[in-house]
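Structure assessment
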Amino acid sequence: GIQVEQSPPDLILQEGANSTLRCNFSDSVNNLQWFHQNPWGQLINLFYIPSGTKQNGRLSATTVATERYSLLYISSSQTTDSGVYFCAVESNTGNQFYFGTGTSLTVIP
Amino acid sequence: SAVISQKPSRDICQRGTSLTIQCQVDSQVTMMFWYRQQPGQSLTLIATANQGSEATYESGFVIDKFPISRPNLTFSTLTVSNLSPEDSSIYLCSAYRDGSTGELFFGEGSRLTVL
């Protein structure tokens, strides 16, 4: 199956700082999504981004499918950004989504 | 987007028993999936719930342990059988509507503790 690795595994930021999270995947994929899992466990869709760049407020994402990676940028981080960020890729042999290893983000005031 | 409701939201079960989790989507969806998230870990795909036919299981998951039903395009159940403490996890239902933006959506999960 597809291997999805995320880095860094853990990240601690001062409020207001910027960060970049990376997602590498081992094979061609149809689609890619970024999720935020809040401290209560709810998974929230951030971006559906099979290729190109998207922005939503302080967050933006870029996927370079030909090089098998995606980046999530968080600018001016806030304490509410804390939680775990996952990327998930859709296999090109079916419709299954496989999740990455996750990045645990803590933003301190 | 799709609204996905799961129940129970949490349960505590005795070893050797079974638990059935229900997943209801507010609109018809093409694909439904079940995931497991063990404490501190990422999400692992258990199976694809196929409407009107047997589920498609990922490596390491078998029908006898995780029987799945999907009688229609809005509803699915996952049963975790013969429970052991190692089954203590969050189980999440997800859905995907083909032909839309292709985004995957999740229910709030069912937190299972096995004593």
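Everything below is about the structure printed above this text.
What you see is a predicted model, and the numbers here were worked out from it, not measured in a lab.

1. As for the overall build of chain A
Helix and strand counts for chain A stand at 0 helices and 11 strands. Radius of gyration (C-alpha) of chain A: 13 Å, near the 13 Å computed for a compact globule of 109 residues. Considered along the principal axes of its C-alpha atoms, chain A spans approximately 45 × 25 × 20 Å. Looking at chain A as a whole, 49% of its 109 residues qualify as buried. Carbon together with sulfur atoms contributes 48% to the accessible area of chain A, which is approximately 5,000 Å² in total. The averaged location of the 7 negative side-chain charges in chain A is 7 Å from the averaged location of its 4 positive side-chain charges.

2. Overview of the packing of aromatic side chains
Any aromatic ring pair is given by two values, namely how distant the centres are and how the planes are angled relative to each other. Taken as a whole and assessed by the stated rule, the structure comprises 8 aromatic pairs over all chains. Judged by centre distance (5.3 Å) and plane angle (80°), the ring pair of F99(A) and Y35(B) falls under edge-to-face. Of this pair, F99(A) sits in strand β10 (residues 97-99) while Y35(B) sits in strand β4 (residues 31-37), placing the two residues on different chains. We classify F99(A) as buried; its relative accessible area is 9%. Looking at Y35(B), the relative accessible area reads 0%, which means it is buried. Taking NZ or CZ as reference, R22(A) lies 4.2 Å from the ring centre of Y69(A), over its face.

3. Regarding the sheet that holds strand β3 (residues 19-25) of chain A
Strand pairing in a sheet is mediated by backbone hydrogen bonds. Such pairs are either parallel or antiparallel. Residue and element names in this part refer to chain A. Across the sheet, 5 strands lie side by side as β1-β3-β8-β7-β6; this open sheet has antiparallel pairing. Every other strand in the sheet has two partners, leaving β1 (4-7) and β6 (52-56) as the edge strands with one partner each. Averaged over all pairs of adjacent strands, the angle between strand axes in this sheet comes to 15°, irrespective of strand direction.

4. Focus on the pairing of strand β2 (residues 10-14) of chain A
Residue and element names in this part refer to chain A. Every second residue of β2 is oriented toward a common face, the buried set being L11 and L13 and the non-buried set D10, I12 and Q14. Sheet analysis places β2 next to strand β11 (residues 103-108), joined by 5 bridges and oriented parallel. Counterpart to D10 in the pairing with β11 is S104.

5. Some words on the interface of chain B and chain A
With 20 residues of chain B at the contact, the number on the chain A side is 17 residues. When the two sides are added together, the surface that chain B and chain A hide from each other amounts to roughly 1,500 Å², 54% of it contributed by carbon and sulfur. Looking only at chain B, the three residues that lose the most surface to chain A are S42(B), L104(B) and F106(B), adding up to 26% of its buried area. The interface formed by chain B and chain A holds 0 salt bridges in total. Of all elements in the fold, only β4, β5 (43-49), β9 (89-96) and β10 (104-106) of chain B reach the threshold of two or more residues within the side of chain B that touches chain A. In terms of residue class, the side of chain B that touches chain A is built from 10 nonpolar, 7 polar and 3 charged.

6. Some thoughts on the nonpolar core
Among the nonpolar cores identified, the biggest contains 27 residues, and M32(B), W34(B), I46(B), F66(B), I68(B), L78(B) and Y91(B) are the most heavily contacted of them. Of all the elements in the fold, those that place two or more residues in this core are β3 (19-25), β4, β5, β8 (75-80), β9 and β11 (110-114) of chain B. Ranked by residues supplied to this core, first place goes to β3(B) with 4 residues. Setting aside chain neighbours within four positions, we find L78(B) in contact with L19(B), T20(B), I21(B), W34(B), I46(B), F66(B), P67(B), I68(B) and Y91(B). In terms of nonpolar packing, the next biggest core, distinct from the first, is built from 21 residues, V4(A), F47(A), V89(A) and V107(A) among them.

7. Things to note about the environment of D11(B)
Residues and elements named next belong to chain B. Along the polypeptide, D11 turns up in strand β2 (residues 10-13). What makes D11 partly exposed here is its relative accessible area of 29%. Separated by 102 residues in sequence, D11 and T113 have C-alpha atoms that sit 6.3 Å apart. When sequence neighbours within four positions are dropped, the list of residues in contact with D11 reads L19, R111, L112 and T113.

8. Let's talk about the pattern of salt bridges
Counted by the stated rule, this structure contains 2 salt bridges over all chains. Put simply, R58(A) and D81(A) hold a salt bridge, and the shortest N to O gap is 2.8 Å. Separated by 23 residues along the polypeptide, R58(A) in the loop between β6 and β7 (59-64) and D81(A) in the loop between β8 (69-74) and β9 (83-91) bring together distant segments of the chain. The partner of D87(B) in a salt bridge is K65(B), with the nearest N and O atoms 2.7 Å apart. Of this pair, D87(B) sits in the loop between β8 and β9 while K65(B) is found in the loop between β6 (56-57) and β7 (68-72), placing the two residues 22 residues apart along the sequence. Among the residues examined, D87(B) registers a relative accessible area of 5% and is labelled buried.

Calculation criteria
Sequence positions are assigned chain by chain, starting from 1 and proceeding in written order. Starting at A for chains and at 1 for ligands, labels are handed out in the order in which the entities are written. Residues qualify for local features only when their pLDDT is at least 70, as the model is predicted, and side-chain atom pairs are given and counted only at 80 or more; totals for whole chains, interfaces and linings, by contrast, use all residues. Hydrogens are left out, water is left out, and the side-chain values use all remaining heavy atoms of the structure. Numbering of helices and strands starts at the N terminus; helices are DSSP runs of H or I of at least 4 residues and strands are runs of E of at least 2. Radius of gyration: C-alpha atoms only; globule rule: 2.2 Å multiplied by the number of residues to the exponent 0.38. Type-normalised accessible area, obtained with a 1.4 Å probe on protein chains alone, sets the label of each residue: buried when under 20%, exposed when over 50%, and partly exposed for intermediate values. Note that accessible areas follow from Shrake-Rupley with a 1.4 Å probe, and for residues the cover is restricted to the protein chains shown. We count Lys and Arg on the positive side and Asp and Glu on the negative side, and we leave His and both chain ends out. Charge placement uses NZ in Lys and CZ in Arg. For Asp and Glu, CG and CD serve respectively. Stacked, tilted and edge-to-face are the three classes assigned to paired rings of Phe, Tyr and Trp, where Trp is represented by its six-membered ring and a pair needs centres within 6.5 Å; plane angles under 30 degrees give stacked, over 60 edge-to-face, the rest tilted. Consider the ring centre and the ring normal. A charge sits over the ring if Lys NZ or Arg CZ is within 6 Å of that centre and within 35 degrees of that normal. By the convention used here, strands pair only if DSSP detects at least 2 bridges between them. Angles here are taken between N-to-C directions and fall from 0 to 180 degrees, while the axes themselves are lines fitted to C-alpha atoms, restricted in helices to the stretch in contact. Working rule for contacts: check all heavy atoms of both residues, and any pair within 4.5 Å makes them a contact. Two parts placed together each lose some accessible area under a 1.4 Å probe, and adding up what both lose gives the buried area. For salt bridges, the criterion is a side-chain nitrogen of Lys or Arg within 4 Å of an Asp or Glu carboxyl oxygen. When residues are grouped by polarity, Ala, Val, Leu, Ile, Met, Phe, Trp, Tyr, Cys and Pro land in nonpolar, Asp, Glu, Lys and Arg in charged, and all others, Gly among them, in polar. In this description, a nonpolar core means a group of buried Ala, Val, Leu, Ile, Met, Phe, Trp, Tyr and Cys residues linked to one another through side-chain atoms lying within 4.5 Å.

Don't take any of this as a statement about function, it's just geometry.
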